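# Results of the structural survey
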Amino acid sequence: MNEFIQHTINGLALGSIYALVALGYTMVFGVLQLINFAHGDIFMVGSFVGLYFIRWFMPNVEPSLLTTIIVILVAMVGSATVGVIIEKFAYRPLRKAPRINILITAIGVSLLLEYGGQLIFGASPQFFPDILPRKQIDLGGAIYLDSNQVTIFLVSFVLMLVLQFLVFKTQFGRAMRAISHSLETANLIGINVNKVILITFIIGSSLAGAAGVLYGVAYPKIDPLLGLLPGLKAFIAAVLGGIGNVTGAVIGAILLGLSETYVAGYISSTYRDALAFLILILVLLLRPAGLLGTKKIEKV
Amino acid sequence: METTLNVEGLQVNYGNVQALKGISFKVPKGKIVSLIGANGAGKTTTLKAISGNCKSAGVVVFNNHPITNKESFQLVAEGLIHCPEGRGVFPNLTVMENLQLGIVGRHSAKANFNKNLEECFVLFPRLKERINQIAGTLSGGEQQMLAIARALIGEPELLLLDEPSLGLAPLVVKLIFEIIVRINKDKGVTVLLVEQNAKQALKISNYAYVLETGKILLEGTGADLLNNDDVKKIYLGEH
Ligand SMILES: Nc1ncnc2c1ncn2[C@@H]1O[C@H](COP(=O)(O)OP(=O)(O)O)[C@@H](O)[C@H]1O
Ligand SMILES: [Mg+2]
């Protein structure tokens, strides 16, 4: 039982990171019906922006929660900037082009970020500095809560609350959901569609940036291809939850994080990465719209 | 008399199909003008071209300044509001959220939102009862009311109405036309109405144009056209 609780804690932490990334996939899909293949790489950019910010501006800083939060905020700005550039210069000019063009462009942007990243940062992994005091809280019975995990829970919880508010309580959120139903009608009733799409990229990318730092803190070796696997898994989480659905993305991500951890814990860690793909295949076969998705998505 | 909208030589091409072949018409301030015509005549295209939702050639003048090919959201900000054909509401949003989007591009109406909302409830009491319902669960007539209410929340100077009676039961059609008249008389909103239901549209119009395959065939006051033999034969189904 105690082992199960420990796995659950670890799974929730992993799932929270996936959730932050999955939200960006799902939001961008909602407004553009585009799977933004570059999104995993925007997550990687967040990690590196965090890393270089620490190296250049706070090399001798005391590890603390405040330090971590500052680094997260900087990484959010960095990732959002990259997201804005991608949307403005790569995707926006293709708004009226056939869907396949923008999809191929997304793959191109992803490759550009990955191999551009290798050019700039080098291909070998770099150590992500300790910005959080390493502490383990003993919950008794050999169950431990790591300070990483506390931070991950805290940060993702706050960010998701903010997001929930933005999406469901503000004019931006209403406009975003209107666009996800019909971009044409949204435009027709006076929604500045390009502006809303841009804000969507800013929000999605900054969440990925925050996740990038949290990932670096939890798994402190980062390289420019870092975004590949977590990006793919977050995408699968979004599909599992019902792509286009914000709540679904969080649920899908938590489920995926938990199941990966259980599989690694009880069966073998060799199967962990395969699990996500198994889930993807099952979802596509059994419930292509995802857990919370609507039927409308299927035809895409 | 002041002219709210003046359209001259409006042309729209879809690929190499010419949907509008250079049409000209006027909408005087405070009036109801309608554009009637069969399915595929180019009515929706005309409204979309005016409201910045499709590329066009020609001149469109709104409140004395040219607006040809301005962006839709810029025109909404100026009070040119388009109430789209069919289910122009967002079925995934609640009734209230749909109404809140009525001011999304219309900054000057923001301060009056609550007052305008109350006025809409007077016109459409059913919306008040269903305010927190998901719009997709409303009946067709209620969705049409919601679409009109959303447009009114934005305080239109010129309201473009695209086939508000399409697919509705006769009683609801009657109600919708009564409401268009009230919007015009009580609130002084200038209306450009597009309809296939020629009879009802002509009855409430000060002036009307008959559109056929991208060209204006006839024009006249609503009463004139109701008595015109060609209109009677083709559009009113009388012999
Ligand atoms: N997006 C489009 N692409 C190509 N042709 C179109 C498009 N929209 C309308 N048309 C064509 O333009 C003509 C006018 O259409 P429309 O303005 O919708 O007519 P109406 O509203 O009077 O029924 C029709 O022949 C229609 O097939
Ligand atoms: Mg039409």
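In what follows, the structure referred to is the one given above.
All of the points below concern the structure found in this document.

Procedures and definitions
- Residues numbered from 1 in each chain as written.
- Chains lettered and ligands numbered in written order.
- Predicted model: local features only at pLDDT ≥ 70, side-chain atom pairs only at ≥ 80, totals over all residues.
- Heavy atoms only, no water.
- Helix = DSSP H or I, 4+ residues; strand = E, 2+ residues; numbered from the N terminus.
- Rg over C-alpha atoms; globule rule 2.2 N^0.38 Å.
- Buried < 20%, exposed > 50% of the residue type's maximum accessible area, 1.4 Å probe, protein only.
- Contact = heavy atoms within 4.5 Å.
- Areas by Shrake-Rupley, 256 points an atom, 1.4 Å probe, with all protein chains shown as cover.
- Lys, Arg positive; Asp, Glu negative; His and termini not counted.
- Charge placed at Lys NZ, Arg CZ, Asp CG, Glu CD.
- Core = buried A, V, L, I, M, F, W, Y, C linked by side-chain atoms within 4.5 Å.
- Donors = N, O, S within 2.8 Å, 3.2 Å for Na, K, Ca; no water.
- 1 Å grid on protein atoms, 1.4 Å probe; cavity = no way out; pocket = protein on both sides within 12 Å on 5 of 7 lines; lining within 4 Å.
- Points joined across faces, edges and corners; volume = space filled by probe spheres on them.
- Buried area = accessible area lost by both parts, 1.4 Å probe.
- Salt bridge = Lys/Arg side-chain N within 4 Å of Asp/Glu carboxyl O.
- Polar contact = N/O pair within 3.5 Å; in protein donor to acceptor, adjacent residues only side chain to side chain.
- Nonpolar A, V, L, I, M, F, W, Y, C, P; charged D, E, K, R; others polar.
- Near = heavy atom within 4 Å.
- Pairing = 2+ DSSP bridges.
- Axes fitted to C-alpha atoms, helices over the stretch in contact; angles between N-to-C directions.

Take the overall build of chain B next. Counting its regular elements, chain B contains 10 helices and 10 strands. Here the C-alpha radius of gyration of chain B, 17 Å, is about what a compact globule of 239 residues would show, namely 18 Å. Once the C-alpha set of chain B is aligned to its principal axes, its extents read approximately 45 × 40 × 40 Å. Looking at chain B residue by residue over its 239 residues, the buried ones come to 53%. Taking contacts inside chain B between residues at least 6 apart in sequence as the whole, the part at least 24 apart equals 66%. For chain B, the accessible area works out to roughly 10200 Å², and carbon and sulfur atoms hold 50% of it. Chain B carries 25 positive and 23 negative side-chain charges, and their two centres are separated by 1 Å.

Time to look at the nonpolar core. One finds Ile 86, Tyr 91 and Ile 191 of chain A together with Leu 101 of chain B to be the most contacted residues of the largest nonpolar core, which totals 94 residues. If you tally residues by element for this core, the top one is helix H1 (residues 2-32) of chain A, at 15 residues. Those residues in contact with Tyr 91 of chain A that sit more than four places away from it in its chain are Leu 34, Asn 36, Ala 38, Ile 86, Ile 102, Thr 105, Ala 106, Val 109 and Phe 201 of chain A.

Now for the coordination of the magnesium ion (ligand 2). Thr 44 of chain B (OG1) and Glu 85 of chain B (OE) make up the full set of protein donors to the magnesium ion (ligand 2), lying at 2.0 to 2.4 Å. Residue Thr 44 of chain B is found in helix H1 (residues 43-50), and its partner Glu 85 of chain B is found in the loop between strand E6 (80-83) and helix H3 (95-100); the two are separated by 41 residues along the sequence.

Within the structure shown, the criterion is met by 1 cavity of 30 Å³ or more. By volume, the largest cavity is sized at about 50 Å³. Taken together, Ile 189 of chain A together with Val 76, Ile 81, His 82, Leu 101, Gly 102, Ala 147, Arg 150 and Ala 151 of chain B form the lining of the largest cavity. Those elements that provide at least two residues to the lining of the largest cavity are E6 and helix H6 (140-153) of chain B. Ranked by residue count, the leading element in the lining of the largest cavity is H6 of chain B, at 3 residues.

Another point: the interface of chain A and chain B. Counting from both sides, the interface comprises 18 residues of chain A and, opposite them, 20 residues of chain B. Buried area between chain A and chain B, summed over both chains or domains, comes out near 1700 Å², and the portion from carbon and sulfur atoms is 61%. Among the residues of chain A in contact with chain B, Arg 174, Leu 188 and Ile 189 of chain A are the three that bury the most area, contributing 37% of the side total. The interface formed by chain A and chain B includes 2 salt bridges. Salt-bridge contacts for Glu 184 of chain A lead to Lys 48 of chain B; the nearest nitrogen and oxygen are separated by 3.2 Å. Joining chain A to chain B, the criterion identifies 7 residue pairs in polar contact (both at pLDDT 80 or more). If you list the elements that add at least two residues to the side of chain A that touches chain B, you get helix H6 (171-181) and helix H7 (183-188) of chain A. Tallied by class, the residues present in the side of chain A that touches chain B amount to 7 nonpolar, 8 polar and 3 charged.

Residues and elements named next belong to chain B. Taken together, Tyr 14, Ala 19, Ala 38, Asn 39, Gly 40, Ala 41, Gly 42, Lys 43, Thr 44 and Thr 45 are the residues near ligand 1. At a separation of 3.2 Å, an oxygen atom of ligand 1 approaches a polar side-chain atom of Asn 39. The separation between an oxygen atom of ligand 1 and a polar main-chain atom of Gly 42 is 3.0 Å. Here ligand 1 loses 57% of its free accessible area of 560 Å² to cover by the protein chains.

For H6 of chain A, a buried count of 9 out of 11 residues is recorded, marking the element as mostly surrounded by other parts of the structure. Taken together, the buried positions of H6 of chain A are occupied by Phe 172, Gly 173, Arg 174, Ala 175, Met 176, Arg 177, Ala 178, Ile 179 and Ser 180 of chain A. Taken together, the buried residues of H6 of chain A touch H1, helix H5 (147-169), H7 and helix H8 (193-218) of chain A together with H3 of chain B.

Residue and element names in this part refer to chain B. Examined bridge by bridge, strand E1 (residues 3-14) and strand E4 (residues 57-62) share 5 bridges and lie antiparallel to one another. In the sheet register, Asn 6 faces E4, and the bridge partner there is Val 61. By the bridge criterion, 2 bridges tie E4 to strand E5 (residues 65-66) in an arrangement that is antiparallel. What sits directly across from Phe 62, in E5, is His 65. Between the end of E4 and the start of E5, which pair antiparallel, lie 2 residues, with Asn 63 showing a positive phi angle near 45 degrees.

Residue and element names in this part refer to chain A. Secondary-structure assignment places Asn 148 in helix H5. Taking the relative accessible area as the measure of exposure, Asn 148 reaches 8% and is therefore buried. Within the local environment of Asn 148, its side chain forms a polar contact with the side chain of Arg 134, the two groups lying 3.5 Å apart. If near-sequence neighbours (up to four positions away) are discounted, Asn 148 is found in contact with Leu 132, Arg 134, Val 217 and Ala 218.

Further remarks concern the environment of Ser 269 of chain A. Position of Ser 269 of chain A among the secondary structure elements: in the loop between helix H10 (246-267) and helix H11 (272-286). Separated by 39 residues in sequence, Ser 269 of chain A and Pro 230 of chain A place their C-alpha atoms 16 Å apart.

What follows covers the pairing of strand E2 (residues 17-28) of chain B. The side chains of a regular strand alternate, residue by residue, between the two faces of the sheet. All names here are of chain B. Across 9 bridges, the pairing between E1 and E2 is antiparallel. Within E2, the residue paired with Leu 5 across the bridge is Val 27. In this structure, the hairpin formed by E1 and E2 is closed by a connection of 2 residues, where Gly 15 is found at a positive phi of approximately 60 degrees.

Residues and elements named next belong to chain B. The strand order across the open sheet formed by 6 strands is E6-E7-E8-E3-E9-E10, and the pairing between neighbours is mixed. In this open sheet, the two strands that pair with only one neighbour each are E6 and strand E10 (215-220). Taken over all neighbouring pairs, the strand axes of this sheet differ in orientation by 20 degrees on average, direction set aside. The pairing of strand E7 (residues 158-162) with strand E8 (residues 190-195) spans 5 bridges and is parallel. When the bridges of E8 are listed, Leu 158 appears paired with Thr 190. Set on the sheet, H6 makes contact with E6 and E7; between it and E6 the angle comes to about 175 degrees. Running at roughly 160 degrees to E8, helix H7 (residues 170-187) makes contact with strand E3 (32-36), E7 and E8 of the sheet.

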